[in-house]
Amino acid sequence: MIPTTPPNIAGASSGASGGVGPSLADRPADAVVGRVTPHESAALHVTGRAQYTDDLAVRTAGVLTAWPVQSTHAHARVALDVAPAYEVPGVVRVLTADDVPSVNDAGVKHDEPLFPAEAMFHGHALAWVLGETPEAARLGAAAVRVGAEPLPSIVTVREAIDAGSFQGIPRTVVRGDAAGALRTAELVVEGVSEFGGQEHFYLETHASFAVRDGDGQYLVQCSTQHPSETQEIVAHVLGIPSHEVTVQQLRMGGGFGGKEMQPHGFAAIAALGAKLTGRPVRLRLDRTHDLTMTGKRHPFHIAWRAGFTGDGHLLALEATLTSDGGWSLDLSEPVMTRALCHIDNAYWIPNVRAHGRVAKTNLPSNTAFRGFGGPQGVFLIEDVLGRAAPLLGIEPERLRQQNFYRPGQTTPYGQLVKDAERMPAIWSRLKDECDHDARRAEVEAFNRAHAEVKRGLALTPIKFGISFNFTAFNQAGALVQVYKDGSVLVNHGGTEMGQGLHTKMLQVAATALGVEAHRVRLAPTRTDKVPNTSATAASSGADLNGGAVKHACEQIRDRLAEVAAPRLGVAPGEVRFSGGLVRGPADDGLELRFDELVAAAYLERVQLFAAGYYRTEGLEWDLDRMQGSPFKYFAYGAAAAEVEVDGFTGEYRLRRVDIVHDVGDSLSPLIDLGQIEGGYVQGVGWLTLEELRWDTGDGPNRGRLLTQSASTYKLPSFSEMPEVFNVHLFENAREDGAVYGSKAVGEPPLMLAFSAREALRAAVGAFGAPRRSVELASPATPEAVFRAIEAARAGAAEHAAVTGVAPEASIEPDAPSTPRRESVTARREV
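Basis of the calculations
- Residues numbered from 1 in each chain as written.
- Predicted model: local features only at pLDDT ≥ 70, side-chain atom pairs only at ≥ 80, totals over all residues.
- Heavy atoms only, no water.
- Helix = DSSP H or I, 4+ residues; strand = E, 2+ residues; numbered from the N terminus.
- Rg over C-alpha atoms; globule rule 2.2 N^0.38 Å.
- Contact = heavy atoms within 4.5 Å.
- Areas by Shrake-Rupley, 256 points an atom, 1.4 Å probe, with all protein chains shown as cover.
- Buried < 20%, exposed > 50% of the residue type's maximum accessible area, 1.4 Å probe, protein only.
- Polar contact = N/O pair within 3.5 Å; in protein donor to acceptor, adjacent residues only side chain to side chain.
- Phe/Tyr/Trp six-rings, centres within 6.5 Å; stacked < 30°, edge-to-face > 60°.
- Lys NZ or Arg CZ within 6 Å of the ring centre and 35° of its normal.
- Pairing = 2+ DSSP bridges.
- Axes fitted to C-alpha atoms, helices over the stretch in contact; angles between N-to-C directions.
- pLDDT = per-residue confidence, 0-100.
- Core = buried A, V, L, I, M, F, W, Y, C linked by side-chain atoms within 4.5 Å.
- Salt bridge = Lys/Arg side-chain N within 4 Å of Asp/Glu carboxyl O.
- Expected span 1.5 Å × (residues − 1).

Caption draft 1: The overall build of the protein chain, seen in detail. Scanning the protein chain for helices and strands turns up 20 helices and 29 strands. Since a compact globule built from 830 residues should have a radius of gyration of about 28 Å, the 28 Å found for the protein chain is in line with a globular shape. Dimensions of the protein chain, computed from the C-alpha atoms along their principal axes, are close to 95 × 80 × 50 Å. Pairs at least 24 apart in sequence give 82% of the contacts found in the protein chain among residues at least 6 apart. For the protein chain, the exposed area adds up to about 29,900 Å²; of that, 52% sits on carbon and sulfur atoms.

Caption draft 2: Here's a closer look at the side chain of Arg282. Here Arg282 is to be found in strand 12 (residues 281–284). Look at Arg282 and you get buried, because its relative accessible area is 11%. A distance of 3.1 Å separates the side chain of Arg282 from the side chain of Thr65, its partner in a polar contact. Those residues in contact with Arg282 that sit more than four places away from it in its chain are Asp54, Ala57, Val58, Val63, Leu64, Thr65, Ala66, Pro134, Ser208 and Phe209.

Caption draft 3: Molecular detail of the packing of aromatic side chains. Within this structure, the stated rule accounts for 18 aromatic pairs. Residues Phe201 and Tyr713 carry aromatic rings whose centres are separated by 6.3 Å and whose planes lie at 0° to one another, so their mutual orientation is stacked. Of the two residues, Phe201 sits in the loop between strand 8 (187–195) and strand 9 (207–212) while Tyr713 sits in the loop between helix 18 (669–689) and strand 29 (724–729), which places them 512 residues apart along the sequence. Of the two residues examined, Phe201 and Tyr713, each falls in the buried class. The structure contains a cluster of three or more aromatic residues connected by ring pairs, namely Phe195, Phe300, Phe379, Trp686 and Phe754. If you follow Lys484 out to its NZ or CZ, it ends over the ring of Tyr602, 4.6 Å from the centre.

Caption draft 4: Geometry of the sheet that holds strand 2 (residues 76–81). Pairing is antiparallel in the open sheet, where three strands are placed in the order 4-2-6. Edge positions in the sheet fall to strand 4 (118–119) and strand 6 (145–150), since each has one partner strand and no second. Where strand 2 and strand 6 come together, six bridges link them in antiparallel fashion. Among the inter-strand pairings, Ala79 is bridged to a residue of strand 6, identified as Gly147.

Caption draft 5: Region of interest: the sheet that holds strand 5 (residues 125–131). Taken in spatial order, the eight strands of this open sheet run 3-5-1-12-9-10-11-20, and their pairing is mixed. Every other strand in the sheet has two partners, leaving strand 3 (91–95) and strand 20 (525–526) as the edge strands with one partner each. In the sheet, strand 11 (residues 245–249) pairs with strand 20 via two bridges, with the strands oriented antiparallel. By the bridge assignment for strand 20, Gln249 is matched with Thr525. Across the sheet, helix 7 (residues 227–238) touches strand 10 (218–222), strand 11 and strand 20, and the angle it forms with strand 11 is around 145°.

Caption draft 6: The arrangement of the side chain of Arg757 in detail. For Arg757, the location among the structural elements is in helix 19 (residues 754–765). Here Arg757 falls in the buried class, since its relative accessible area comes to 1%. When near neighbours in sequence (up to four residues on either side) are disregarded, Arg757 contacts Phe379, Asp383, Leu687, Leu776, Ala777 and Ser778.

Caption draft 7: Spatial organisation of the environment of Ala792. Among the secondary structure elements, Ala792 is positioned in helix 20 (residues 782–803). By relative accessible area, which is 14% here, Ala792 ends up buried. For the pair Ala792 and Arg338, spaced 454 residues apart in the sequence, the C-alpha separation amounts to 34 Å. Setting aside residues up to four positions removed in sequence, Ala792 forms contacts with Val764, Phe767, Gly768 and Ala769.

Caption draft 8: Local environment of the pairing of strand 16 (residues 453–466). For strand 16, the tally of buried residues reaches 13 of 14 residues, placing the bulk of the element in the interior. Direction of pairing for strand 16 relative to strand 27 (residues 633–646): antiparallel, over a ladder of 14 bridges. Each bridged residue has a counterpart across the sheet, and for Val453 the counterpart in strand 27 is Asp646.

Caption draft 9: Here's a closer look at the confidence of the model for the protein chain. Scored by pLDDT, the protein chain has a mean of 94; 94% of the residues are at 70 or more. Here residues 1–22 is modelled with pLDDT under 50, and outside its nearest four sequence neighbours on either side it reaches 40 contacts, counting other chains as well. Low confidence marks residues 809–830, where pLDDT is under 50. Its contacts with residues over four positions away, or in another chain, come to 71 contacts.

Caption draft 10: Fine view of the nonpolar core. Phe308, Leu321, Ile659 and Tyr680 are the most contacted members of the largest nonpolar core, which totals 102 residues. Not counting chain neighbours up to four residues away, the residues in contact with Tyr680 comprise Ala639, Ala641, Leu654, Val657, Ile659, Phe725, Pro749, Leu750, Leu752, Ala753, Ser755 and Ala756. In terms of nonpolar packing, the next biggest core, distinct from the first, is built from 55 residues, Phe468, Val480, Ala552 and Ala610 among them.

Caption draft 11: View of the pattern of salt bridges. One pass over the structure, following the stated rule, counts 56 salt bridges. Glu591 serves as the salt-bridge partner of Arg583, at 3.1 Å between the closest nitrogen and oxygen. In this structure Glu591 comes out as partly exposed when scored by relative accessible area, which is 40%. For the salt bridge of Asp658 with Arg656, the shortest nitrogen-to-oxygen distance reads 2.7 Å. With a relative accessible area of 4%, Asp658 lands in the buried category. Salt bridges linked by common partners bring Arg439, Arg455, Glu642, Glu644, Arg653, Arg655, Arg656, Asp658 and Glu723 together as one network.

Caption draft 12: A look at helix 11 (residues 374–392). With 19 residues, helix 11 ought to run about 27 Å at 1.5 Å a step, and its terminal C-alpha atoms sit 27 Å apart, in line with that. Within helix 11, 19 of the 19 residues are buried, which leaves it mostly tucked inside the rest of the structure.

Caption draft 13: Seen up close, the environment of Arg93. Among the structural elements, Arg93 can be located in strand 3. Its relative accessible area of 24% is what places Arg93 among the partly exposed residues. Between the C-alpha atoms of Arg93 and Leu64, which are 29 residues apart in sequence, the distance is 9.6 Å. With near-sequence residues (within four places) excluded, Arg93 lies in contact with Tyr86, Asp99, Trp128, Val129, Leu130, Leu276 and Thr277. A polar contact is formed between the side chain of Arg93 and the side chain of Asp99, at a distance of 2.9 Å.

Caption draft 14: View of unusual backbone geometry. Put simply, Ser778 and Pro779 share a cis peptide bond, and its omega is 5°. In this structure, Pro779 sits in the loop between helix 19 and helix 20. Even without glycine at this site, His110 takes up a positive phi of about 60°. Within the element layout of this structure, His110 appears in the loop between strand 3 and strand 4. Phi is positive for Ser467, which is not a glycine, with a value near 155°. Structurally, the position occupied by Ser467 is in the loop between strand 16 and strand 17 (475–482). According to the relative accessible area criterion, Ser467 is buried, its value standing at 3%.

And the structure:
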């Protein structure tokens, strides 16, 4: 049942200052934004009537299916004999490099040949077979003979580091004198943090469907987060201008960043097949193809040193971050840039030197994933603090809190931390709402009473910058059309992948026009309606497209006000639009229905459509220097997690999670709550469950993905959900300069999941001796947790042997610290 009022959410605030201007953030008293509204396609989703890309294809007559011919080597020169495929009944065409009329490349860096002469990873598509049926295409692909000359391959980050195999441009963030500060620090902790990637595992796999019409124009239906870039890649592969290609994105069954760059090549294959055969062509990867052919979240290897004062204040951080880019660059460079911009998370670090580089390996090209490098950067500092706290003898929550940014401080890349006071306010509210102090005492009492089961409680914060790192991407367009009956059709450049962007845009349009929500419909995203769009990514979809939709609606509303004014006997500036009615400022009973006014405006030849445009102001970024203000604002949040761990098996359960998160003045509270919950669980999956395994041996299957299905790749399920899950939106949090005072919600909550990992660290530590640093592999699977417990027990036994005293199960809060210099080198576990 949908609640009629938002739970735990403040109403819209009033007043404005700063930002782009007060009109962008102001909302009327009866705004449609801010209301609890179900997802605009919810009924279609739950009844199975929602249409996706491949649904359109299978309902079209004469469609051919494309199937890949995949490499069985991680790295090899290849030669193809496609003749046997044509002997398979139903095979129509085999697409190879010889068929490409223009550029044989599907990337924006010109390093992703659509048909490679050299297989660069196990599963690499070498050719595509078009068949009358999926079975014919599959059998035809199996019949193609692939001659291969194996070449040396690199399949891990460590191998790439040892071989000096890197790609792209390395970047470095510097502030102060990190080396000098480390020399004078009272405690120096050093280590290596390694963590794996993450499979997107969207419900809908990659899918494209291309049709060439009688005039030679191409309509490509594509499950893509970036229709304009898909359009550009298809055009340059075919050697035609972009205006001959229209890309439509109806809706996606999930994307999470995996459909920002990687759909382009699949769309180009479908379009090329349509060109050569004159028939519609569908390409939909099955789950195994999707898992083995597409990129993941970037795994990282980070070597670091951190320095602290004796009372636990961060002095310096020195780190080298190496990501696994896979076989081509894709988005690896901007992912690393954002990682470097988030190594501070919510903490002031006066001296920083962080160097980032991208490894080149013979694996699928890793790509965008929710957070886009931010989670990897945050991982570093949270791992540092988690390891350092027991060495300092300081409770982890206090160590984190005392290092929070303060007003007036800047990030290592030079941006003022706006609203820095919001982080401690959220932290304090979270501690109160989750009853932290009492539960901390309960956890310690439980651990003293139980030898083989321990609990852990941890709080972690997030400060996440909102905007694209590349300034030019921070723009958006919209086309809003009002019809003579008063109904409204909204086109915008953002894509709907289940995250609720269309729902928010519906609410923005209804608010800006002063009409009921049922009057507004969202059109599928199309490149012939709104051109040159940015990807729906970087949590910027609502900010950018909302600004554009609002701008378009306000143009129409201002024109309608000119028509309404003489009928109401008021000046145009005094006309008010609300709830489908149009009135003057006085309560004199005079009013017009919105549809009546629209009909009158049409008769007076008033334009009833408008193109809206928005660009984010106030951004400044020097990529070469890694200095500036790349983000419009920061989203803040904090989470508390409690876990229980079995000492015999390492198995654990997430007993309770409490979250307080800042989304500004929410555009759509129900959507935002769902995004926070989903992001948190996805983050827990990455940090504790989801383990990608590759064959790293020297046998014939080297480089093959071993976790090729849900049976071998563990995804979060209902059993991994917290038993108690409380999510509250931070109140009175209007963001001036953003559409209706809202803030982005898509990516930041994922990083609140570090609270679960740190709770596991605390529980593992309870098995060992006090003042011992706990090293925890990532993902922290039950096996990894068990190994960490065994290491903690060994440390406890060593402590007992040396002191003759059994260790306490926990550290007392605020235990006095003993300043010292100590080095901790992590076991390099993946």
